[in-house]
Amino acid sequence: YTVASQSTDKAVVNVYARFDAIKYTVKYTVAEGEGTITATDLVATYDVEYSAGDYITGATRTGYAFAGWKVDANTTITDGKIKNLTTAEETVTLTAVWTANKYTVTLNANGGTGVESSFEVTFGQAYGDKLATPTKENYTFAGWYDNDEFTGTVYTADTTVATAADHVLHAKFTANPITVTLNA
């Protein structure tokens, strides 16, 4: 501070410090481009709390539930409250965090035995060992299908769950050949 002029009077001068809170921009994005978010960027003021829900009008991803926002590798916002994300005037990007949904798979064994009638799966993961091979006398198991006409994809324990709802898988069997011997 430079004094423009000096006075010979001994006057008291009061000097006050003024501090303005920093402002920073909050942007929203989806993880790895999966899902959609409809959002308005937030210009936030330090020490003021905001609700992410006031700026987000939709966050969706097939087979997943929205679980919050990742600020950085160590911080996730799960309560929707945004406050003091940075101490600098910069842009902070919040990345959507998703939790895979669980669904019930009902097995239509079509007369076969040796499998559970239903079990729970997680979207985006393999069906696993619960999608077992049923047995049926005089028949050979020919796969699990998502329709009773047995067309399309054959589902196995290694198949990744891609149906975002409870669903039914149908067992397909083919008849074993029967050998008939005639005596004359």
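As the structure is a computational prediction, the values presented were derived from the model and not from experiment.

*Asks:* Help me understand the overall build of the chain, please; the structure alone is not making it clear to me.
*Replies:* When you go through the chain residue by residue, the secondary structure sums to 0 helices and 13 strands. Traced from its N-terminal end to its C-terminal end, the chain shows the element sequence β-β-β-β-β-β-β-β-β-β-β-β-β. For the chain, whose C-alpha radius of gyration is 32 Å, the value lies well above the compact-globule estimate of 16 Å for 184 residues. Structurally, the chain occupies a C-alpha span of about 140 × 25 × 20 Å along its principal axes. When the 184 residues of the chain are sorted by exposure, 26% land in the buried category. Counting only contacts in the chain whose residues sit at least 6 apart along the sequence, the fraction spanning at least 24 positions is 60%. Looking at the chain as shown, the accessible area adds up to about 12400 Å², and 48% of this sits on carbon and sulfur atoms. Taken as two groups, the 12 positive and 21 negative side-chain charges of the chain have centres that lie 7 Å from each other.

*Asks:* What am I meant to see in the nonpolar core here?
*Replies:* Looking at soluble globular proteins, one finds that nonpolar side chains tend to be buried together. Of all hydrophobic cores here, the largest spans 17 residues; its most connected members are Val 26, Tyr 28, Leu 42, Trp 69, Ile 82 and Leu 94. Secondary-structure elements contributing two or more residues to this core are β1 (23–29), β3 (42–45), β6 (64–72) and β9 (91–100). In terms of residue count, the dominant contributor to this core is β9 (4 residues). Excluding its chain neighbours within four sequence positions, the residues that come into contact with Leu 42 are Tyr 24, Thr 25, Val 26, Tyr 28, Tyr 50, Tyr 55 and Ile 82. The next biggest cluster of nonpolar side chains, apart from the first, holds 14 residues, and it includes Tyr 103, Phe 119, Phe 123 and Leu 169.

*Asks:* Can you walk me through the side chain of Thr 122 in this structure?
*Replies:* On the secondary structure map, Thr 122 appears in strand β11 (residues 118–122). Taking relative accessible area as the criterion, Thr 122 reaches 13% and is therefore assigned buried. When sequence neighbours within four positions are dropped, the list of residues in contact with Thr 122 reads Ala 100, Asn 101, Lys 102 and Val 161.

*Asks:* Help me understand unusual backbone geometry in this model?
*Replies:* What is expected of a backbone is that most residues other than glycine have negative phi and most peptide bonds are trans. For Asn 84, which is not a glycine, the phi torsion comes out positive at approximately 50 degrees. By secondary structure assignment, the location of Asn 84 is in the loop between β8 (81–82) and β9. Taking the relative accessible area as the measure of exposure, Asn 84 reaches 27% and is therefore partly exposed. Its identity is not glycine, yet Asn 138 carries a phi of approximately 70 degrees, on the positive side.

*Asks:* Before we go on, may I ask you to explain the packing of aromatic side chains in this structure?
*Replies:* The geometry of an aromatic ring pair is captured by the separation of the ring centres together with the interplanar angle, meaning the angle of the planes. Summed over all chains, the structure comprises 9 aromatic pairs. Ring geometry for Phe 66 against Trp 69: centres 5.0 Å apart, planes inclined by 65 degrees, an arrangement best described as edge-to-face. Since its relative accessible area comes to 37%, Phe 66 is described here as partly exposed. Centroid distance Tyr 145 to Phe 150: 5.8 Å. Interplanar angle 75 degrees. Geometry classified as edge-to-face. Judged by its relative accessible area of 24%, Phe 150 is partly exposed. Every member of this aromatic cluster is reached through a ring pair, and the members are Tyr 28, Phe 66, Trp 69 and Trp 98.

*Asks:* Help me understand the pattern of salt bridges in this model?
*Replies:* Note on pairing: side chains with opposite charge can pair once their charged atoms come close. Inspection of the entire model under this criterion finds 2 salt bridges. For Asp 20, the salt bridge is made with Arg 18, and the minimal N-O distance between the two is 3.3 Å. The exposure classification of Asp 20 matches that of Arg 18, with both residues exposed.

*Asks:* Is there a simple way to explain the sheet that holds strand β12 (residues 139–145) in this structure?
*Replies:* What links the strands of a sheet is backbone hydrogen bonding, and the strands pair in either a parallel or an antiparallel sense. In spatial order, the strands read β11-β10-β13-β12; together these 4 strands make up an open sheet with mixed pairing. Of all the strands in the sheet, just β11 and β12 have a single pairing partner and so form its edges. Taking each pair of neighbouring strands and ignoring which way they run, the sheet shows an average axis angle of 30 degrees.

*Asks:* Help me out: how do you make sense of the sheet that holds β9 in this one?
*Replies:* Across the sheet, which stays open at both edges, the 5 strands sit in the order β3-β1-β9-β6-β7 with mixed pairing between neighbours. What marks the edges here is a single partner per strand, and that holds for β3 and β7 (75–77). Going from strand to strand, the sheet's axes swing by 35 degrees on average, the running direction of each strand aside. Where β6 meets β7, 3 bridges bridge the pair, whose relative direction is antiparallel. Bridge pairing in β7 places Lys 70 opposite Thr 76.

Conventions we followed
Residues numbered from 1 in each chain as written. Predicted model: local features only at pLDDT ≥ 70, side-chain atom pairs only at ≥ 80, totals over all residues. Heavy atoms only, no water. Helix = DSSP H or I, 4+ residues; strand = E, 2+ residues; numbered from the N terminus. Rg over C-alpha atoms; globule rule 2.2 N^0.38 Å. Buried < 20%, exposed > 50% of the residue type's maximum accessible area, 1.4 Å probe, protein only. Contact = heavy atoms within 4.5 Å. Areas by Shrake-Rupley, 256 points an atom, 1.4 Å probe, with all protein chains shown as cover. Lys, Arg positive; Asp, Glu negative; His and termini not counted. Charge placed at Lys NZ, Arg CZ, Asp CG, Glu CD. Core = buried A, V, L, I, M, F, W, Y, C linked by side-chain atoms within 4.5 Å. Phe/Tyr/Trp six-rings, centres within 6.5 Å; stacked < 30°, edge-to-face > 60°. Salt bridge = Lys/Arg side-chain N within 4 Å of Asp/Glu carboxyl O. Pairing = 2+ DSSP bridges. Axes fitted to C-alpha atoms, helices over the stretch in contact; angles between N-to-C directions.

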